[in-house]
Protein chains: 6
Amino acid sequence: MVRLTRREHFNAAHRLFRPEYSDEKNLEVFGKCSNPNWHGHNYTLYITVEGEVDPETGFVANLKQLSQLIRDLVINQLDHKNINIEVGFMRGKLASTENLAIGIWEELAGPVAGLGTSLYAVRVEETENNAAEYLGNKTNNQ
Amino acid sequence: MVRLTRREHFNAAHRLFRPEYSDEKNLEVFGKCSNPNWHGHNYTLYITVEGEVDPETGFVANLKQLSQLIRDLVINQLDHKNINIEVGFMRGKLASTENLAIGIWEELAGPVAGLGTSLYAVRVEETENNAAEYLGNKTNNQ
Amino acid sequence: MVRLTRREHFNAAHRLFRPEYSDEKNLEVFGKCSNPNWHGHNYTLYITVEGEVDPETGFVANLKQLSQLIRDLVINQLDHKNINIEVGFMRGKLASTENLAIGIWEELAGPVAGLGTSLYAVRVEETENNAAEYLGNKTNNQ
Amino acid sequence: MVRLTRREHFNAAHRLFRPEYSDEKNLEVFGKCSNPNWHGHNYTLYITVEGEVDPETGFVANLKQLSQLIRDLVINQLDHKNINIEVGFMRGKLASTENLAIGIWEELAGPVAGLGTSLYAVRVEETENNAAEYLGNKTNNQ
Amino acid sequence: MVRLTRREHFNAAHRLFRPEYSDEKNLEVFGKCSNPNWHGHNYTLYITVEGEVDPETGFVANLKQLSQLIRDLVINQLDHKNINIEVGFMRGKLASTENLAIGIWEELAGPVAGLGTSLYAVRVEETENNAAEYLGNKTNNQ
Amino acid sequence: MVRLTRREHFNAAHRLFRPEYSDEKNLEVFGKCSNPNWHGHNYTLYITVEGEVDPETGFVANLKQLSQLIRDLVINQLDHKNINIEVGFMRGKLASTENLAIGIWEELAGPVAGLGTSLYAVRVEETENNAAEYLGNKTNNQ
């Protein structure tokens, strides 16, 4: 088993808040990330798949196909968008890095299996200081 | 003469558009950066000052004071904000990296002189791929 | 379960040596890291916590609180300090990257639990070339 | 148990292709990586070992010895070389990042054990966007 | 006047040698870079243009057009190629970083002027340790 | 004229203070950098030379020779050392980044000329946030 990681990027706006909270409560819980006029980030996305090496190609997965899949299914939905109001898979969820990682996992796990490999991890870096990683709903979570 | 550079960060939302343009015209000129729902970036800011080394301190400028000045006068206005609608010195200007570099120069040039040194350059990186640098209105521009 | 990682920095001096060794023996075992006049590093610290996403906030942990905890309990002890002679939790230990990772784990594991999440990993990078990672005393170590 | 990671670099030429394929078939399967005139990369290599901390030295492994071992056994074979035609342990294999990670593991696993520690992972970054990681043939693969 | 910098990447093979030298002489002058079987790099390219900010767009140059120009005229010639034998503008020249910077300048200076701005600098990074920068044949070289 | 930049590293301890100041005064002027027990950094050094490209080699300077020169004359004096008490060219000077840049310039300017090229700039990065650059005592300082 070898793990293969592909890095992609997207730039997006977002806001952390609960609509039922007052502005003061949102500020207290979410800090400056609750700014009603939005802010944004250069997000870095690391998609890791895991599988056996195909002896015909030397690949766990074809990186060109994997990159295209990530762009078609994830980057196109997120890049230069407002995560709170324009991204289908984030509708009704808080636009946190954690929820982004889970949401992207759910977009990709099935299609990645269609490439003949398994999704192992989704890592989303909001900044160089903050990152969330989701490894799926494994029984023996690693 | 020695140049001293301080790096700071801010995360902000923005949009490139002209209000008198149609959405189609904005899309044509500014591409996906014209998204009406905003997008955002992790901006990196490099402020370079130039001067003689003070023999008493070994400093061209006190970096703690310089960093505090940049945070008070620039970062506080920009961080976790919407550049188009919340930043005084960008009002009425297109929220491009170029205009950010010029605007930040104008905020800092006077106060930096108050620290006993000269502003040499303002460099704004919107992403690792795109950066603008302004060196002021020098006659013999370097 | 999602993992959340926060990066922090500290700059410190240290020396690798055993007091009962001669200078020659220290040099033989620890190389130039044994220099009696000290040397130092810009350390990068990655603290990873693991837990369920809180549906109220979208967070595994509040990053502002987590960052404050790391600064209060770890960075304040280490930043601009001499690791061998000024850091309580390193007293009597060799100032290696490995021991730093274990020592920081022990400082943080309890307080992180107080934030309602679990410490998953402590990674200390001494330089871009050298890093140590400690995942605690797990029975099924991952 | 602590994990210790050492980063090393090598610059090499390679080509992805199967000799029994036509040029068209190679282009279809391997894309521009099949260019018959070669291309190349600055590869970054991360070698992670895992073990108990030696109370005498504070080390899981002596990094100077580990680095020397990696250079002697791996970097010397790969740096400024053509991976397809000059590297013994890659002979007869596709010169993919995945196969490099496995090949380097096989070169290092035994000698690393000779340093009194265990090889935990071999990570090869072909570019900042593409990386393969091999953790050996563990029964309970982590 | 504002400077605008766009970063692009290419991966290529090359070799430093003079055909009239013996292998020994090439090794003596060019070191391991003279390997007859080639080696390669992940090159990073920084193209800097300089001009007035257009008040209609806030741009010194349209970065999408600039990036497209660099890709069409430079990256397409170099990416996944052998610099010594496949790149028109390097024919008959030593494949050094310095000559790459000059050659890329000559490819781009005219077309960049066609975008209504001026080429200011071409910077080529062969590795993170080695870079060449060419600022053109300015009388008052800066 | 082409500029060629070589990056090198050194890890060192230092302290900012004036011996005639009280500890309180040192703390007031130099902040936590005045810690009497030292602290340290991973310094990054960028040496830029400028010259014509030699048509025989394609080089402004032989990077292997340039790197060796920097290591012999500068890195060997600084790496794993205490800048205040072990580095000849810093004796009697405040161990600031500015003074390091000037001191390294003075060590290298003559020997670099001996390689048939000119020293253009010395840049010292103390951290990723703080850097000093010295371009020598040019009449028309650029």
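Residues numbered from 1 in each chain as written. Chains lettered and ligands numbered in written order. Predicted model: local features only at pLDDT ≥ 70, side-chain atom pairs only at ≥ 80, totals over all residues. Heavy atoms only, no water.

**Student:** Which residues make up helix α1 (residues 23–30) of chain C, and what values do they have?
**Tutor:** All names here are of chain C. For α1, the set of buried residues is Asn26, Val29 and Phe30. Along the long axis of α1, the arc covered by the buried residues comes to 75 degrees, so they all point the same way. The exposed set on the far side of α1, more than 90 degrees from its buried face, consists of Glu24, Leu27 and Glu28. (Buried < 20%, exposed > 50% of the residue type's maximum accessible area, 1.4 Å probe, protein only. Helix = DSSP H or I, 4+ residues; strand = E, 2+ residues; numbered from the N terminus. Arc of directions from axis to C-beta.)

**Student:** I'd like a rundown of the relation of the copies chain C and chain F, residues and numbers included.
**Tutor:** What relates the pair of chain copies is a rotation about an axis plus a shift along that axis. Expressed as a screw transformation, the operator carrying chain C onto chain F has a rotation angle of 180 degrees and an axial translation of 0.0 Å, and the superposed copies differ by an RMSD of 0.0 Å. Both chain copies can therefore be described as sitting about a two-fold axis. Mapped onto chain F, 100% of the interface residues of chain C again fall at the interface, so both copies present the same surface. (Least-squares fit on C-alpha atoms with pLDDT ≥ 70 in both. Contact = heavy atoms within 4.5 Å.)

**Student:** Report on the pattern of salt bridges, specifying residues and quantitative values.
**Tutor:** Scanning all chains against the criterion turns up 44 salt bridges over all chains. In this structure, the salt-bridge partner of Glu128 of chain F is Arg7 of chain B, at a minimum N-O distance of 3.8 Å. Highlighted residues: Glu128 of chain F in the loop between β4 (118–127) and β5 (130–134) and Arg7 of chain B in strand β1 (residues 2–14), drawn from two different chains. Residue class for Arg7 of chain B comes out buried when judged on its relative accessible area of 11%. The salt bridge partner of Glu50 of chain C is Arg3 of chain C, with a shortest N-O separation of 3.0 Å. On the criterion of sequence distance, the pair formed by Glu50 of chain C in strand β2 (residues 39–51) and Arg3 of chain C in strand β1 (residues 2–14) is long-range, its members being 47 residues apart. On the accessibility criterion, Glu50 of chain C (14% relative accessible area) is buried. By relative accessible area, which is 7% here, Arg3 of chain C ends up buried. Counted as one network, the salt bridges with shared partners bring together Arg6, Glu8 and Arg71 of chain A. (Salt bridge = Lys/Arg side-chain N within 4 Å of Asp/Glu carboxyl O.)

**Student:** Got a sec to walk through the relation of the copies chain B and chain A? Specific residues and values, please.
**Tutor:** Superposing chain B onto chain A requires a rotation of 180 degrees together with a translation of 0.0 Å along the rotation axis, leaving an RMSD of 0.0 Å. Interface overlap between copies is the fraction of interface residues in one copy that are interface residues in the other; for chain B against chain A it reaches 100%, indicating a shared surface.

**Student:** Could you give me a rundown of the interface of chain B and chain A, with the residues and numbers involved?
**Tutor:** Facing 20 residues of chain B, the contacting portion of chain A comprises 20 residues. Surface buried jointly by chain B and chain A totals about 1700 Å² across both partners, of which 47% is contributed by carbon and sulfur atoms. Our count for the contact surface shared by chain B and chain A stands at two salt bridges. The salt bridge partner of Lys32 of chain A is Asp79 of chain B, with a shortest N-O separation of 2.7 Å. Connecting chain B to chain A are 17 residue pairs in polar contact (both at pLDDT 80 or more). Those elements giving two or more residues to the side of chain B that touches chain A turn out to be β1, β2 (39–51), β3 (81–82) and α3 (83–86) of chain B. (Buried area = accessible area lost by both parts, 1.4 Å probe. Polar contact = N/O pair within 3.5 Å; in protein donor to acceptor, adjacent residues only side chain to side chain.)

**Student:** Outline the arrangement of the chains, supporting the account with residue identities and numerical values.
**Tutor:** Nothing in chain A touches chain E, and the closest approach of their C-alpha atoms is 14 Å. Looking at chain A next to chain F, you find no contact at all, with the nearest C-alpha pair sitting 13 Å apart.

**Student:** Please set out the confidence of the model for chain A residue by residue, giving values where relevant.
**Tutor:** Mean pLDDT over chain A stands at 96; residues scoring 70 or higher make up 97%. Reported for the predicted complex are a pTM of 0.96 and an ipTM of 0.95. (pLDDT = per-residue confidence, 0-100.)

**Student:** So what's going on with the packing of helix α2 (residues 63–78) of chain D against helix α4 (residues 97–114) of chain D? Which residues, and what values?
**Tutor:** Residues and elements named next belong to chain D. α4 packs onto α2 with a crossing angle of 140 degrees between their chain directions and a minimal axis gap of 11 Å. On the basis of their axis angle, the class for α2 and α4 is oblique. Read as a crossing pair, α2 and α4 show a hand that is right-handed. Each of Leu66, Leu69, Ile70, Leu73, Val74, Gln77 and Leu78 in α2 lies in contact with α4, whose residues at this interface are Leu100, Ile104, Glu107, Leu108, Pro111 and Val112. A breakdown of the residues in the contact of α2 with α4 according to their chemical character gives 11 nonpolar, one polar and one charged. (Axes fitted to C-alpha atoms, helices over the stretch in contact; angles between N-to-C directions. Parallel < 35°, antiparallel > 145°, perpendicular 65-115°, else oblique. Left-handed = near helix turned anticlockwise from the far one by under 90°. Nonpolar A, V, L, I, M, F, W, Y, C, P; charged D, E, K, R; others polar.)

**Student:** Give me the lowdown on the side chain of Thr97 of chain C, citing residues and values where you can.
**Tutor:** Residue and element names in this part refer to chain C. With respect to the element layout, Thr97 can be found in helix α4 (residues 97–114). Side chain to side chain, Thr97 and Glu126 meet in a polar contact 3.1 Å long. Residue contacts for Thr97: discarding those within four places in its chain leaves Val124, Glu126 and Ala132.

**Student:** Please provide a residue-by-residue account of the interface of chain C and chain F, values included.
**Tutor:** Listed per partner, the contact involves 20 residues of chain C and 20 residues of chain F. Here chain C packs against chain F, burying approximately 1700 Å² in sum over the two surfaces, 47% of which is carbon and sulfur. For the chain C face of the interface with chain F, the top three residues by lost area are Asn37, Asn42 and His80 of chain C, together amounting to 34%. The interface formed by chain C and chain F holds two salt bridges in total. Scanning the region where chain C abuts chain F turns up 17 residue pairs in polar contact (both at pLDDT 80 or more). Of all the elements in the fold, those that place two or more residues in the side of chain C that touches chain F are β1, β2, β3 (81–82), α3 (83–86) and β4 (118–127) of chain C. At four residues, β2 of chain C tops the list of elements feeding residues into the side of chain C that touches chain F.

**Student:** Provide a residue-level description of the nonpolar core, including the pertinent values.
**Tutor:** In this structure, Leu45 and Ile104 of chain B, Leu45 and Ile104 of chain E together with Leu45 and Ile104 of chain F are the most contacted members of the largest nonpolar core, which totals 117 residues. Not counting the four nearest positions on each side in its chain, Ile104 of chain E is found in contact with Leu45, Ile47, Val74, Leu78, Phe89, Val122 and Val124 of chain E. Grouped together as the second largest cluster of nonpolar side chains are 111 residues, Ala61 of chain A, Phe59 of chain C together with Ala12 and Val60 of chain D included. (Core = buried A, V, L, I, M, F, W, Y, C linked by side-chain atoms within 4.5 Å.)

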